[in-house]
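Survey of secondary and tertiary structure
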Amino acid sequence: MAKFVLRYFFHNNISVNRFTFYKCMVFLTAVLLFGGCMPARRLSEDEYLLSRNNIEVHDADIDQHDLRNYIRQTPNRRILGVYRFHLNVYQLAKRGEENRLKRWMKSTMGEPPVIFDPIAAEQTAEQFRLFLQNKGYFNAETGFRVDTTGNRVRVNYEVKGNQPYTIRHIDYNIPDAQLKGFVFADTVHSLIERGERYDAEVLQEERQRITRNLKDDGFFNFSRDYIFFRVDSTLNSQQVDIELMIENPADRGRSFAGENEGRPHKRYRINEVFVFPEYTRLQPDQEFRDTTRLQINDNEQGPVYTFLHNGEMRIRPQTIANNILLEQGEFYSLSRHELTHRYLAGLRNFRYINMQFEEARTESLPDSLGLLNMRVELTRSPANAFTVEAEGLNTAGNLGVGANFLFQNRNVFRGAEMLNLRLKGALEMSGESGDTDVFRRLPFNTAEMGAEVSIDFPKLLFPVRMERLSRTARPQSTILTGINYRHRPDYTRYILNFSYGFQWSQDSRRQHQLTPLEISSIKIFNDSILQARIPEANPLILSRYRDHLIGGLKYSYTYSTQQIDRQQDFVYFRGNFESAGNLMQLTARQLDASVNEEGSYTLFGIPFAQYLKADADFRLYRALSEDNTLVFRLMGGIGVPYGNLDIMPFIKSFYGGGANSVRAWSIYNLGPGSYGSAEKLRFDKYGDIKLEANIEYRFPVYRYWKGAFFLDAGNVWFLEKNEQFPGGEFNADSFYKELAIGAGLGVRLDFNFFLVRLDAAFPVRDPGLDSGEKWIGRFPGFSDWNLNLGIGYPF
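Heads up: these notes are all about the structure in this document. Note that the coordinates shown come from a computational prediction; the quantities given were computed from them, not determined experimentally.

Section: the overall build of the protein
Across its full length, the protein carries 13 helices and 29 strands. Taking all 795 residues of the protein together, 45% fall into the buried category. In the protein, of all internal contacts separated by at least 6 residues, the share reaching a separation of at least 24 is 64%.

Written as structure tokens, this is what we have:
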């Protein structure tokens, strides 16, 4: 049928307007299924389709990935390195009479065949030779050979580095005595080392490193153009001598002649700091009638900031000054300059931030020292803002709609404190059977409403003075409280919560978040439907749906090497630790609190949970090319209840399945362990232990359309054995036999600032099935696939 539709389409000039979306889907499906079998366009006798480029490197410590950047002609793109999707789209669209749809397919998703060009191969070999010379292989040899199979060719590039040149000696020629002292003091961190292979790229990196360090040490006007290298490779010993030269400002443009009496480089101190908190770009010459001078530390030695404004300032001067890291009397620093811009933007109160520096005229200073006046121009954003959001919901296959109202006041206490008020409402359709009859259950049978209020403070609300913290720590405190109501046919739940926490940055890669106080009160009204859906009214599961209090602390540590402006490999790690109930139990004992029929202490008539919980998430991102990425993820966690309650609260338990977990199972529908229910009763499944591994290959398709193939594995388990859930407990000797495995593919709409994805996955191995039936034995049918709609990447 698909072949018939394709033949009818390509051999009949059908108007594009007559084709529906579903017919286009048939076309794309045929491309995927039959495109690779379609013959390429007929080539002439002297034309060959470029199939692959291989690189063979001998006697050279060179990464092939670096060489591939210099290849002048690349073959047609492949998905997963195998399937030429874009070429097959182009080939199919070339058949028959042309129409608008075919032209669109060729010019957008299609890709014409790449015909081998021997001149491009010769240019590539020459580029390889020049690259190797820059890497110290001055006697490198490069070439290529062509292997022909039918009408396809494979180009094999051969690279031979021979013996590389190494660095014998490094000399510094710096006429400026002051500058020389700073350069020599930092040579321990130099990237150029004796005995190492010569590398022109390392010289450029050293040039950039010295420039940045000097600008951090106060040399405001210094630039990399002052630095030169002279390389002598005529020693006849496979070695080079390097001379690093730094010119004086007065010598620029002249040939370097060694020591001279040119004007030295100036090292600048910050003289005055002027802040314009009401600056308007449309009126750059605006006059301000009020002046406020703020002195930090309340002593005569502290730095002074001068604020020019009209009338009372909307934001307290102290708040702005705390985020300006360049202080009066200190030497200029490029790093602190950049951090100041970042921190002022982090206050979320200014839509325009600009810093200018002007040299102050003085006659009493030596030629090697200068003063800078700093001008900070700030344009405020509106103090109040509100947002109304409408959203479609797909939670565990339950469709619904929701709306959010968000009100923000960015300066509630005149210290750049952010007040957030969020109101949420949602309606869902949930059913006890399959998704096919969920639409018969109108109107919606699940309702959720909630309100949340939080205040973000750009400082630490803790008995520690700001002066004792590093200026680069950037502490931020948050106080949050809220209420959430959710009504389902099987239960009704209320959650009251309050938390106080703060976060700070150790450096650009490491962040800490500590919540010393987190209190939640969960009240649940169970329905007979819930008890009927739980096997034999299992008390372990039912206890997770009882009223309880949670009070404790939480700590999170995040480490990431990602650089937003670079497409490169990076790692991400996040670890969390929670402890709850200890202070409550101590208080209950001291107050001789009441005990319920199960022997648990209660506060306000509600038992409180007591547990320890820890989890970790590690991710490795490999950039295979500019647009292709391979992502690995490992995560695991454990929760140990003890003391007052012997079960984990359900909102703190682990679960499997869903859009961000093992996607072949719907959310809350995986595990525990090898447990399987013949009745297929629907109830949310949780566990005390979770292990999960994922691998995902991401690739571009067309413009903002992206694709992905993925493989997920994992499960959840109970800590203790439960007779009503046979196989649900964790066993260190056999847990690997109970891992669920799913595979699938995904389609993503990536708008850079917003990503929507649809992932379809099917079970490859189901630990809940009987022995001998756990592995899939046939190609999955339509009913075997699980669809997951998500916002953002899963990890």
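Remarks on the side chain of arginine 207
For arginine 207, the position within the fold is in helix H8 (residues 200-216). Buried within the structure, arginine 207 lacks any salt-bridge partner; its nearest side chain of opposite charge belongs to aspartate 225, at an N-O separation of 4.1 Å. For arginine 207, the residues in contact, after removing those within four places along its chain, are Arg224, Asp225, Ile227 and Phe229.

Quick notes on the sheet that holds strand E3 (residues 152-160)
Pairing is mixed across the open sheet formed by three strands, whose spatial order is E1-E3-E2. Where the open sheet ends on each side, the last strands, each with one partner, are strand E1 (49-58) and strand E2 (141-149). For this sheet, the mean angle separating the axes of adjacent strands, direction not counted, is 20 degrees. For E2 and E3, the ladder comprises nine bridges, and the chain directions are antiparallel. Along E3, the bridge assignment pairs threonine 142 with valine 159. Seen against the sheet, helix H6 (residues 118-134) touches E1, E2 and E3 and runs at an angle of roughly 150 degrees to E2.

A closer look at the pairing of strand E6 (residues 239-246)
Counting buried positions along E6 gives seven out of eight residues, so the element sits mostly inside the fold. Here seven bridges tie strand E4 (residues 166-173) to E6, and the two strands are oriented parallel to one another. In the sheet register, tyrosine 172 faces E6, and the bridge partner there is leucine 244. Two strands pair when backbone bridges link them, and strand E5 (residues 227-232) and E6 are joined in this way by six bridges, in the antiparallel orientation. Along E6, the bridge assignment pairs phenylalanine 228 with methionine 245. The antiparallel pairing of E5 with E6 creates a hairpin that spans six residues between the two strands, and asparagine 236 there sits at a positive phi of about 55 degrees.

Considering the environment of leucine 634
Relative to the elements of secondary structure, leucine 634 occurs in strand E24 (residues 629-641). Between the C-alpha atom of leucine 634 and that of alanine 693, which follows or precedes it by 59 residues, the distance is 4.6 Å. Leave out the neighbours within four places in its chain, and leucine 634 touches Ala616, Asp617, Phe618, Glu692 and Ala693.

Quick look at the packing of aromatic side chains
All chains considered together, the criterion is met by 34 aromatic pairs. Measuring from ring centre to ring centre gives 5.4 Å for phenylalanine 182 and phenylalanine 219, while their planes differ by 80 degrees; the resulting arrangement is edge-to-face. Of this pair, phenylalanine 182 sits in helix H7 (residues 177-185) while phenylalanine 219 sits in the loop between H8 and E5, and the two are 37 residues apart along the sequence. Judged by its relative accessible area of 1%, phenylalanine 219 falls in the buried class. Through a chain of ring-to-ring contacts, the aromatic side chains of Phe220, Tyr268, Tyr332 and Phe357 assemble into a single cluster. The ring centre of phenylalanine 220 lies 5.7 Å from the NZ or CZ of lysine 215, which sits over that ring. A cation over a ring is seen here: lysine 613 above phenylalanine 654, with NZ or CZ 4.8 Å from the ring centre.

Quick notes on the pattern of salt bridges
Should the charged atoms of two oppositely charged side chains come close, the side chains can pair. This model, assessed by the stated rule, comprises 37 salt bridges. A salt bridge links aspartate 507 to arginine 510, with the nearest nitrogen and oxygen atoms 2.4 Å apart. The class of arginine 510 is partly exposed, set by a relative accessible area of 28%. Glutamate 692 is paired through a salt bridge with arginine 633; the nearest N and O atoms lie 2.9 Å apart.

Brief notes about the sheet that holds E4
Taken in spatial order, the three strands of this open sheet run E4-E6-E5, and their pairing is mixed. Sheet topology places E4 and E5 at the edges, where each strand pairs with a single neighbour. Going from strand to strand, the sheet's axes swing by 20 degrees on average, the running direction of each strand aside. Helix-sheet contacts for H8 involve E5 and E6, and the interaxial angle to E5 is about 150 degrees.

Digging into unusual backbone geometry
Keep in mind that most residues, glycine aside, have a negative phi and that most peptide bonds are trans. Geometrically, the link from glycine 671 to proline 672 is a cis peptide bond, its omega value of -5 degrees lying close to zero. Counting through the fold element by element, proline 672 comes out in the loop between E24 and strand E25 (689-702). The backbone of alanine 416 sits at a positive phi, close to 65 degrees, despite the residue not being glycine. Classification of alanine 416 as buried rests on a relative accessible area of 6%. Its identity as a non-glycine residue notwithstanding, tyrosine 668 has a phi of 65 degrees, on the positive side. Position of tyrosine 668 relative to the elements: it lies in the loop between E24 and E25.

Considerations on the packing of H8 against helix H10 (residues 334-346)
The contact between H8 and H10 brings their axes to 6 Å, and the two run at 75 degrees. Viewed along their axes, H8 and H10 adopt a mutual orientation that is roughly perpendicular. Mapping the contact onto sequence places Arg212, Lys215 and Asp216 in H8 and Leu334, Ser335 and Glu338 in H10. Along the lines of polarity and charge, the residues of the contact of H8 with H10 split into one nonpolar, one polar and four charged.

Rules and cut-offs
- Residues numbered from 1 in each chain as written.
- Predicted model: local features only at pLDDT ≥ 70, side-chain atom pairs only at ≥ 80, totals over all residues.
- Heavy atoms only, no water.
- Helix = DSSP H or I, 4+ residues; strand = E, 2+ residues; numbered from the N terminus.
- Buried < 20%, exposed > 50% of the residue type's maximum accessible area, 1.4 Å probe, protein only.
- Contact = heavy atoms within 4.5 Å.
- Lys, Arg positive; Asp, Glu negative; His and termini not counted.
- Salt bridge = Lys/Arg side-chain N within 4 Å of Asp/Glu carboxyl O.
- Pairing = 2+ DSSP bridges.
- Axes fitted to C-alpha atoms, helices over the stretch in contact; angles between N-to-C directions.
- Phe/Tyr/Trp six-rings, centres within 6.5 Å; stacked < 30°, edge-to-face > 60°.
- Lys NZ or Arg CZ within 6 Å of the ring centre and 35° of its normal.
- Parallel < 35°, antiparallel > 145°, perpendicular 65-115°, else oblique.
- Nonpolar A, V, L, I, M, F, W, Y, C, P; charged D, E, K, R; others polar.

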